[in-house]
Amino acid sequence: MANTTLIPSPLKSCLLTYNLGRRLLGYSASEFVERVVHANDRSFSIHQGYADNYIKTSKYNLLTFIPKNLLEQLQRVANIYFIVLLILQLLEWVSSLNPITTALPLVFVLTVTAVKDGYDDIKRHKSDNIVNNRDAEILMGDVLTKCKWQQIHVADILKIEMNQPVPADCMVLSSSEPHSLVYVETADLDGETNLKVRQALTETASLGDDLKKLSELKCELHIAPPNNRLDKCDGYLLLGDEKFSVSNDQVVLRGCVLRNTKWMYGLTIYTGKESKQMQNSGQAKFKRTSMDKLMNKIVVFIFGQLFVACLVCAISCGYWEAYTGMDFQVYLPWETYTSDAASVAGLHFVSYVILLNTFVPISLYVTVEMIRLAQSFWINWDKAMYDEERDTPAKCRTTTLSEELGQIQYIFSDKTGTLTQNKMTFNKCSIGGRKYGELYDKNGQPVEINENTIPVGFHHNAWYDKKFMWYDPSLMELINKGDKHCWAFFRLLALCHTVMAEYNDDDELEYQAQSPDEAALVGAARNFGFVFRHRTPSTITIEVDRNEEVFELLAILDFNNVRKRMSVILRFNNKIRLYCKGADSVILPRLSPHCKNITQITQEHLNEFAGEGLRTLCLAMKDIDDGYFAEWKRKHHIANTSIENREEKVSKVYEEIEKDMMLLGATAIEDKLQDRVPEVIANLAKANIKIWVLTGDKQETAINIGYSCQLLTEEMNKVFIISGAEKDQVKFELNQVLEELKSKIGIKDEDSDDDDDDDVSFTKKDAEQFQGIYEFALVVNGHSLAHALQPDMEKDFLQAASLCKAVVCCRVTPLQKAMVVELVKKYKNAVTLAIGDGANDVSMIRAAHIGVGISGQEGMQAVLASDFSFAQFRFLERLLLVHGRWSYVRMCKFLEYFFYKNFAFTFCHFWFAFFCGFSAQAVYDQYFISLYNIIFTSLPVIALGIFDQDVNAVNCVKFPKLYIPGQKNHGFNLWVFTRSVIHGILTSLVLFFIPYGAYLENTAPDGDVVDNQSLFGCTIATLLVTVVNLQIALDTAYWTVLNHIVIWGSILVYWAVIFLMYCEPLYELFGTAFTYVGTATKMVTVPSFWFTLILVIVLLLGPVAAKRALILDVSPSLADRIRLWQQRGKQKASDVQLTKIKKRPSTSRPGSSYAFSHQEGYGALITSGRMGSRRGRRGESKEKEEAKNRADSRTESKSDSATESRTHEDEDAMRENTPIQNLEDGVIEDADDFEEETTLEERPNSITSNHKS
């Protein structure tokens, strides 16, 4: 890297411009010119143009708010459209409407949005002011001076005290703790509340709190330019002639809080907008729902329809003016700026664009956002999704995706911490080729371990954990006899880790570990007598048989997701030894050829452990001579002090020493399933949701966990496994799977030659037809998946996976998880959901349409990247089947009704055009046009979109097939939209021509003529408001007090408004502003009006009610039948008993996986001296199954007994075999028949068209 201080100014400008361009093109920070910081030299930093510590998250100020906010709102096409309409309405020669008709709703929408944005920005201003004016202490000369945060610059030395937030990104120079350790809380950065450890370099730690020495510090820090990598900060420190490696372990970031450390001094390296916290404060990627995309298509269609309607009116106007209008020139002359019929028609085209603008209602988008916001509140407030143990409620982090939850077809799930609890217990192990952890009787037969089994006692160990349970006494006997294999095994567990030892107020030993796996392994070693006591930067102390052993720590080769292992190099009794633990896939290939026999035996044990669903880990060691280690240490130092590609260089050096190791054995720890995981997965499968598990565990472990959680079942026809290591082998296996699937299912790939079809699955009709008969599963290994995701094989892989009920991908990397999700999104017209709990799930969560984070044992990274979050996997069932389905159904009913009422409203203008010479005269009063969508019809549809429930929550979960219509877009699609348009047009025909016929050449009782335009328009408006509000009453399935208020209240408000607005006092006050004076009073005195009102209601709502009653009687949907059941109040049904087609059981399933941290450990931290001891910080059993089986047996016995004792009347009812009648009895005897097969004779004769819960 070039040093910018040595580059002439013009060349430096060119170089900086060049690197800025490279940055804009997406190059990583390590490829730019490095940042150079001179300690105690603020002027150099200012000259370099480094940002100060002032931050600004607000967007507006008093001068820029109106223009900037308006400009942002104009980015919505709909807003631009209505502003153009408003401008056109200001031109009297093209507009027949008062501009108020468009200005009022437009100003309302813009104002509401502006007020919301302004309120949010005021809060940001207040927050910025608070943060920028916090107090800090900086070193000026040799004196600590108080200043504000915004006055801090790069190169300043800060003093930070305990419980104070860190004002800028700093390199730790020294601290009050031994070995200059620093403990920080990073909750504001990554959501994690567990403390992180940082430590100063030994070379600067000696400065302590000596202000004179600190002020005289002359050093040069070379570090990467500002970037958003929270987990990486590589550089080096030049102190005199020596170069020292600087990494993330020496850096504390802005937003951290100093804990359990009295004070620390730090050198600022990034400030203000360049700090990593601010670099990560950008907005997340905006996700659009499939409903949004459909609405965009519909809006385009509406624009086309508007254009056609205006064109028809314009052409008709030209014709009328040319052949009929000429006769009216005497008192209706053309305007001076028109010369012929064509020019008049052109002007009237624009006039009709203005008049018919309500085809695209401005209130649509605002109302949709309001409904989505309300749906997010229902999720946040749902007590059924609140986890008491962790005090964690469900949280909707994105308010724009609620209805998408009702359309999920694919779920991609992590395993550890998502399906399982991520709470590890040490269950079994293999040492020196012998297996431990099982009990045998005198005949050598295995004995089942239960709660009555007496565990091994560890009371002789003063440090044992009372919660630890072990039942095999043979292992403890061998340890007491001094077995060298066992001692080496547990000594490795006590030494090879990055755990921190602490002592609480009661002087009890506690461990703080990076992962539950490490805590379980170190805890096991502790209970077997190999107690990790404490560590310093250069030593690890353990206690064995009451004797302390102090090991010199030479190096830690830390864990990461690529290496999948960690090692420590120690010196003890003048011998250097490497201890290594990791996944068997990376440990076994690095073993010495001399341990071939023990490797084979251990491999068999690993397979047995994995077959039981246990997480496995291999342990190995090797002795190293002093000369080899010295040379390796030199290479390691060179790699560790480089800035470019440091990780790759360090990993290469690690590879050199981690080979030819001797195998000690393997561990097996258990990670139990979370509550109700099997039931939830089974229910989601019934909802036609395909579940893919993407995990880093071994194939055998993943398969057995799959069986445990009912993702894989014995009833499946076959579980296919693709495990080839080479591309050709994977392709061969994949082709075999496809051929077998085709032959078994008996379908053909009809569109294999059609490249235009995005859906690469087989014929959908055939696939659905055989879905309940054939069930397959696919298991793919990570190295096989790497080949299967290549462009020439990805379609074949997706074809095979699409025909399987479940897919399990093992040994996958975080990137592969995201690639699998992207593959499904690319070729399948399906909505995807990804759920995980760890940092390795973030890429998958961000890639899916919906991301769900679980706040588990692996931090909060997944939650922070997610759209929805909660504490347990079981809450996913309610999120999708209840909230997702409700949101989807509500949004569909809202959109269908919204378009219906607006087309009914607007097309009356169109019909009136044929009776007014196509003059673009409005049929309604202009104020009614403005208030129709804002007051008279807005609240009922909003209430429908927020509160409506066709089926209650219990039955949404009990009948998962209710979810399927959402997956198939049956609720709202182009056909439903077309149907609502046709319904609106037919409604407008009745609304217009019935009053027209009733008023034509008619007179009032007092002799006045009633066929005038104002009375006609007021009558149509009254009929319209009444009919559309009664229509939504028919559409409402769930009535609340609020529904009654807004529906009947809207009609009453309309009557109140027209009587007020059309009264004489208001007319006298405002003159010509209200031209319909006296119309309302006149209308109610005309008998034809009341006749018309009744006739129109009967004609428009009668057929709708009759059609729905007929459908309910002849072909009701599942939701209709369940709603009827709810109404009858007979909710006595217990579990739904499903009839299934018998399937051939699958082939026998194999039975290994590794249990290890999914994040990097504290390795580099420890070796540099940042891990020390300190005080004051504490950081489904089989009987259940048997009880459940006994309860099921009792239920079956009662059911049989009840059946035998039925009366003759009950037997007659059963002979009719009516599903609805079975519902009346409170028992669903055959859910499949109930959901899919019903005939006319089986329905009750009297079913109303509107069922209200």
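Residues numbered from 1 in each chain as written. Predicted model: local features only at pLDDT ≥ 70, side-chain atom pairs only at ≥ 80, totals over all residues. Heavy atoms only, no water.

J.: Residue-level account of the pairing of strand β28 (residues 662–673), with values.
T.: Extensive coverage of β28 is indicated by the burial of 9 of its 12 residues. As paired elements, strand β16 (residues 420–431) and β28 share 8 bridges and run antiparallel to each other. By the bridge assignment for β28, isoleucine 431 is matched with glycine 665. Pairing geometry for strand β27 (residues 615–624) and β28, over 7 bridges, is antiparallel. Bridge pairing in β28 links threonine 616 to alanine 668. (Buried < 20%, exposed > 50% of the residue type's maximum accessible area, 1.4 Å probe, protein only. Helix = DSSP H or I, 4+ residues; strand = E, 2+ residues; numbered from the N terminus. Pairing = 2+ DSSP bridges.)

J.: Please provide a residue-by-residue account of empty space enclosed by the protein, values included.
T.: Estimated volume of the second largest cavity: approximately 60 Å³. Residue lining of the second largest cavity: 13 residues in total, with Phe928, Ala1021, Tyr1054, Ile1058 and Tyr1062 positioned closest to the centre. Those elements that provide at least two residues to the lining of the second largest cavity are α30 (926–936), α35 (1013–1035) and α36 (1041–1061). Broken down by element, the lining of the second largest cavity gets its largest block of residues, 4 residues, from α36. (1 Å grid on protein atoms, 1.4 Å probe; cavity = no way out; pocket = protein on both sides within 12 Å on 5 of 7 lines; lining within 4 Å. Points joined across faces, edges and corners; volume = space filled by probe spheres on them.)

J.: Provide a residue-level description of the environment of aspartate 837, including the pertinent values.
T.: With respect to the secondary-structure elements, aspartate 837 resides in the loop between β33 (831–836) and α27 (842–847). According to the relative accessible area criterion, aspartate 837 is buried, its value standing at 0%. Residues aspartate 837 and threonine 416, spaced 421 residues apart in sequence, show a C-alpha to C-alpha distance of 8.2 Å.

J.: So, the sheet that holds strand β1 (residues 35–38): which residues are in play, and what are the values?
T.: Read from one edge of the open sheet, 4 strands run β1-β8-β9-β10, paired in antiparallel fashion. Strands with a single pairing partner mark the edges of an open sheet, and in this sheet they are β1 and β10 (242–246). Put simply, the sheet's adjacent strands are angled 20° from each other on average, direction ignored. Direction of pairing for strand β9 (residues 235–239) relative to β10: antiparallel, over a ladder of 5 bridges. When the sheet's bridge partners are listed, leucine 237 is paired in β10 with phenylalanine 244. (Axes fitted to C-alpha atoms, helices over the stretch in contact; angles between N-to-C directions.)

J.: Outline the nonpolar core, listing residues and values.
T.: Across soluble globular proteins, nonpolar side chains show a tendency to be buried alongside one another. In this structure, Tyr352, Leu895, Tyr924, Phe928 and Phe972 are the most contacted members of the largest nonpolar core, which totals 112 residues. The element that contributes the greatest number of residues to this core is helix α29 (residues 875–913), accounting for 18 residues. In contact with phenylalanine 928, other than residues within four places in its own chain, are Phe905, Phe936, Ala1021, Leu1024, Val1025 and Tyr1054. By size, the runner-up hydrophobic cluster in this structure holds 53 residues, among which are Phe458, Leu478, Phe551 and Leu619. (Core = buried A, V, L, I, M, F, W, Y, C linked by side-chain atoms within 4.5 Å. Contact = heavy atoms within 4.5 Å.)

J.: Which residues make up the pairing of β33, and what are the values?
T.: Across the 6 residues that make up β33, a large majority, 6, are buried. Of the two faces of β33, both are covered, the one formed by Val831, Leu833 and Ile835 as well as the one formed by Thr832, Ala834 and Gly836. Where strand β15 (residues 408–413) lies against β33, 5 bridges are found, and the strand directions are parallel. Residue pairing for β33: serine 413 is matched across the bridge by isoleucine 835. A crossover links β33 with its parallel partner strand β34 (residues 850–854), the connecting element being α27, and its sense is right-handed. (Right-handed = clockwise from strand over helix to strand, strands pointing away.)

J.: Hey, could you go over the pattern of salt bridges for me, with residue numbers and the actual values?
T.: Across all of its chains, the model carries 43 salt bridges by this definition. Glutamate 877 is the partner of arginine 676 in a salt bridge, and the nearest nitrogen-oxygen pair spans 3.2 Å. Within this pair, whereas arginine 676 is found in the loop between β28 and α20 (677–686), its partner glutamate 877 is found in helix α29, the two being separated by 201 residues in sequence. Relative accessible area serves as the criterion here: at 37%, arginine 676 is assigned to the partly exposed category. Of the residues examined, glutamate 877 reaches a relative accessible area of 6% and is grouped as buried. By sharing partners, the salt bridges in this structure join Lys428, Lys435, Glu438, Glu608 and Glu612 into a single network. (Salt bridge = Lys/Arg side-chain N within 4 Å of Asp/Glu carboxyl O.)

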